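# Architecture at a glance
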Amino acid sequence: MRFSLVPAVGALLFGATLITGAPPNDAAEILQDLQRQAEAKLRETNKPTPSTRPGDGDQTCTLANAAVRKDWEHMSSNQKKDYIKAVKCLWKLPSVDPDFSAAQNHFDDFVAVHMNQTNFIHGTANFLTWHRYMMWLWEQKLRNQCGYTGYLPYWNWFKHQDDLYKSPVFDGSDTSLGGDGEYFAHNGSLVSAGRIWLPSGKGGGCVKSGPFVGYTINIGPVQPAMQGYTPVVTDVKHLNPRCQRRDLTMAASTSTFTAENLLNVTLGPASATIGHFQDELQGTYGTLRLHGAGHHAMGGDGGDVFTSPNDPAFYLHHAMVDRLFWIWQILHPAEANKVNGTITFRNTPPSREGTVDDMLDMRGLGPAIPIKDVFNTLGGTPLCYIYV
Ligand SMILES: *[C@@H]1O[C@H](CO)[C@@H](O)[C@H](O)[C@H]1NC(C)=O
Ligand SMILES: *[C@@H]1O[C@H](CO)[C@@H](O)[C@H](O)[C@H]1NC(C)=O
Ligand SMILES: *[C@@H]1O[C@H](CO)[C@@H](O)[C@H](O)[C@H]1NC(C)=O
Ligand SMILES: *[C@@H]1O[C@H](CO)[C@@H](O)[C@H](O)[C@H]1NC(C)=O
Ligand SMILES: [Cu+2]
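Bear in mind the structure is a predicted one, so any value in this text is a computation, not a measurement. (Residues numbered from 1 in each chain as written. Chains lettered and ligands numbered in written order. Predicted model: local features only at pLDDT ≥ 70, side-chain atom pairs only at ≥ 80, totals over all residues. Heavy atoms only, no water.)

## Some remarks on helix 3 (residues 77-92)
Stated formally: What counts as a helix is a DSSP run of H or I of at least four residues, what counts as a strand is a run of E of at least two, and both are numbered from the N terminus. Expected span of a helix, by definition, is 1.5 Å for each gap between consecutive residues, and there is one gap fewer than residues. A 1.4 Å probe rolled over the protein chains alone gives each residue an accessible area, and that area as a share of the maximum for its type sets the label: buried under 20%, exposed over 50%, partly exposed in between. Contacts between residues were defined by any pair of non-hydrogen atoms, one from each residue, lying within 4.5 Å.
Compared with the 22 Å implied by 1.5 Å per residue over 16 residues, the 23 Å span of helix 3 between its first and last C-alpha is a close match. Every buried residue of helix 3 is accounted for by K80, Y83, I84, A86, V87, C89, L90 and W91. The inward-facing, buried residues of helix 3 contact helix 4 (106-117), helix 5 (127-146) and helix 10 (314-331).

Next up, the structure:
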């Protein structure tokens, strides 16, 4: 039953006739195979690395003691509820950065820092590593300040992409990250710098079901892709309390969360270098690719490049971005510790090339550390996790 991935992938990419049984046209199954390949390679190559964190003594990060980040769908109801409870706790913690005065609580702090850094963390050399570190700091806050004992879950894009209403991430149950928004009449969303139009889903207003109904967000929107979403604010001192909005948009997820796109970035032409990988994962002007499709499948607040962390599902989405980065790194070790690109959004305004010594600036969320410290998720500096 199980086919060998490599010839099957060749068949898909190059159009040869597949003679070895069922074609691997199911993206979720292909991803499972990529995961198994990555795990096998990790077991082969992983040598324990001594932690350099002060106070850690001779504690090392190993495959055996690493945190394990899971698919939301594979967590039990109680584990999901524990995660949700910890996220709610962030709303009750005080804001840490007085410069970003619109932030009313610690949940908002993450939105504020992301908004402040937007032009220096997207379409840049640090896109993958900055968001990797942000996800880790979020996970640490949940664990250290909100009593969460699990790890960061991810949204598997390749399941339910044709019916997001049934996705355990978005089904609106009390074990989801909330359902669709109330109906809001609007003419779809303009994405990829306005070059692609996506038709509306059935929502667009306040999220109407799930655990975060009644929770207030305070920052943005700055550049929402959804038509008719105003007023727009431009700085982190502008307090704009409101409900979180969504418009679950299958036009984004069905078209993009495909086997073809998954294979391209993991084994195909787009996997060859860090430059190709990150550009194809993010999408360039006028294309909608995996990273963008997740944002625009959420729609509403999740579709604003500046303030998308207002949607609590942002973290599950970026955990999936990080998981693909992780799989790609393991399968492409010669490229895994490189960066490509400059330090401004798609080099606008023109800027120098990024380097692995550039610091990941998190403002009040955590200490700035160099990019090179987060290449290895088992490096212990400070990361120590894997995905399953
Ligand atoms: C980010 O925050 C810093 C510190 O408050 C501020 O000087 C800078 O202007 C902000 N940048 C943007 C683009 O908001
Ligand atoms: C909706 O927006 C698209 C893209 O801007 C445009 O082509 C289309 O005519 C608009 N439709 C309506 C009914 O306004
Ligand atoms: C695969 O990625 C390459 C390199 O980024 C790109 O040129 C090509 O269009 C992609 N193929 C598909 C089918 O999207
Ligand atoms: C970055 O990657 C692109 C391919 O996406 C490549 O054309 C370019 O030469 C690379 N830049 C550097 C400085 O390596
Ligand atoms: Cu971002």
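After that view of the structure, there is still more to cover.
## Observations concerning the UniProt feature "domain: Tyrosinase copper-binding" (unreviewed entry) in the chain
Selection rule: UniProt positions are given in the numbering used here, feature names are shortened, and annotations may be inferred rather than shown by experiment.
UniProt records the feature "domain: Tyrosinase copper-binding" (unreviewed entry) for residues 122-139 and 311-322 in the present numbering. The straight-line gap between the two end C-alpha atoms of residues 122-139 is 21 Å; of that span, 72% is helix and 0% is strand. Structurally, residues 311-322 comprises 75% helix and 0% strand, and the distance from its first C-alpha atom to its last is 18 Å.

## Some words on the site of ligand 1
As a reminder of what qualifies: Whether a residue is near a molecule or strand depends on its heavy atoms: if one lies within 4 Å, it is near. Definition of a polar contact: a pair of N or O atoms within 3.5 Å, with one able to donate and the other able to accept a hydrogen when the atoms are protein atoms, and with sequence-neighbouring residues admitted only if both atoms are side-chain atoms. Here the accessible surface of atoms and residues is derived via Shrake-Rupley with a 1.4 Å probe, and residues count as covered only by protein chains that are part of the display. For this classification, the nonpolar set comprises Ala, Val, Leu, Ile, Met, Phe, Trp, Tyr, Cys and Pro, the charged set comprises Asp, Glu, Lys and Arg, and every other residue, Gly included, is treated as polar.
Near ligand 1 you find D99, F100, N116 and R363, and these make up its full shell. One of the side-chain N or O atoms of D99 is found 3.2 Å from an oxygen atom in ligand 1. Within the side chain of N116, an N or O atom sits 2.3 Å from an oxygen atom of ligand 1. With the chains in place, 46% of the 360 Å² that ligand 1 exposes on its own is no longer accessible. Here the residues of the shell around ligand 1 sort into one nonpolar, one polar and two charged.

## Observations regarding the packing of helix 7 (residues 259-266) against helix 10
Stated formally: The convention used is that axes are lines fitted to C-alpha atoms, helices contributing only their stretch in contact, and that angles between N-to-C directions extend from 0 to 180 degrees. Note that the term roughly parallel is reserved for angles under 35 degrees, roughly antiparallel for angles over 145, roughly perpendicular for angles of 65 to 115, and oblique for everything else.
The N-to-C vectors of helix 7 and helix 10 enclose an angle of 45 degrees; their axes lie 9 Å apart at closest approach. Put simply, helix 7 runs oblique to helix 10. Taken together, the residues of helix 10 that come into contact with helix 7 (itself represented by L262, V265 and T266) are L324, W328 and L331. For the contact of helix 7 with helix 10, the class distribution of residues is five nonpolar, one polar and no charged.

## Quick word on the coordination of the copper ion (ligand 5)
Spelled out, the test is: Water is absent from the atoms considered, so a metal site may look incomplete; donors are defined as N, O and S atoms within 2.8 Å of the metal, or 3.2 Å for Na, K and Ca.
Distances from the copper ion (ligand 5) to its protein donors, H114 (NE2), H122 (NE2) and H131 (NE2), fall within 2.0 to 2.1 Å. One chain supplies every donor for the copper ion (ligand 5), spaced along it as H-x7-H-x8-H. H131 shares its class with H122; the two are buried.

## Considerations on the state of the cysteines
Where two cysteines share a covalent bond between their sulfur atoms, that bond is called a disulfide. As a reminder of what qualifies: For the purposes of this analysis, a disulfide is any pair of cysteine sulfur atoms at a distance within 2.5 Å.
Counted under the stated rule, the structure contains three disulfides. Covalently, C61 is tied to C384 through a disulfide, its sulfur atoms 2.2 Å apart. Its S-S torsion of about 95 degrees marks the bond between C61 and C384 as right-handed, since a negative value means left-handed. With C61 in strand 2 (residues 60-61) and C384 in the loop between strand 9 (369-370) and strand 10 (385-387), the pair connects residues that are 323 residues apart, well separated along the chain. Note that C206 is cross-linked by a disulfide to C243, the S-S spacing being 2.0 Å. Taking the sign of the torsion about the S-S bond as the criterion, the disulfide between C206 and C243, at about -70 degrees, is left-handed. With C206 in strand 7 (residues 204-207) and C243 in the loop between strand 7 and helix 6 (250-256), the pair connects residues that are 37 residues apart, well separated along the chain.

## Here we look at the side chain of Q35
Mapping Q35 onto the fold places it in helix 2 (residues 27-45). Side chain to side chain, Q35 and E39 meet in a polar contact 2.6 Å long.

## A few points about helix 8 (residues 274-282)
Those residues of helix 8 that fall on the buried side of the exposure criterion are I274, G275, F277, Q278, L281 and Q282. Where helix 8 is buried, its residues contact helix 5, helix 7, helix 9 (290-298) and helix 10. Downstream of helix 8 by a residue or two, G283 has a phi angle that is positive, lying close to 90 degrees.

## As for the environment of P382
Here P382 is to be found in the loop between strand 9 and strand 10. Taking C-alpha positions, P382 is 9.4 Å from Y133, a pair spaced 249 residues apart along the chain.

## Some words on the packing of helix 4 against helix 5
The test is simple: Crossings are assigned a handedness: left-handed for a near helix turned anticlockwise from the far helix by less than a right angle, right-handed for a clockwise turn.
Relative orientation of the contacting elements helix 4 and helix 5 amounts to 170 degrees, with a least axis distance of 12 Å. As judged from the angle between their axes, helix 4 and helix 5 are roughly antiparallel. For helix 4 against helix 5, the interelement crossing comes out right-handed. Here H106, F107, F110, V113, H114 and Q117 of helix 4 lie close against helix 5, whose contacting residues are W130, H131, M134, L137, W138, K141 and Q145. A breakdown of the residues in the contact of helix 4 with helix 5 according to their chemical character gives seven nonpolar, five polar and one charged.

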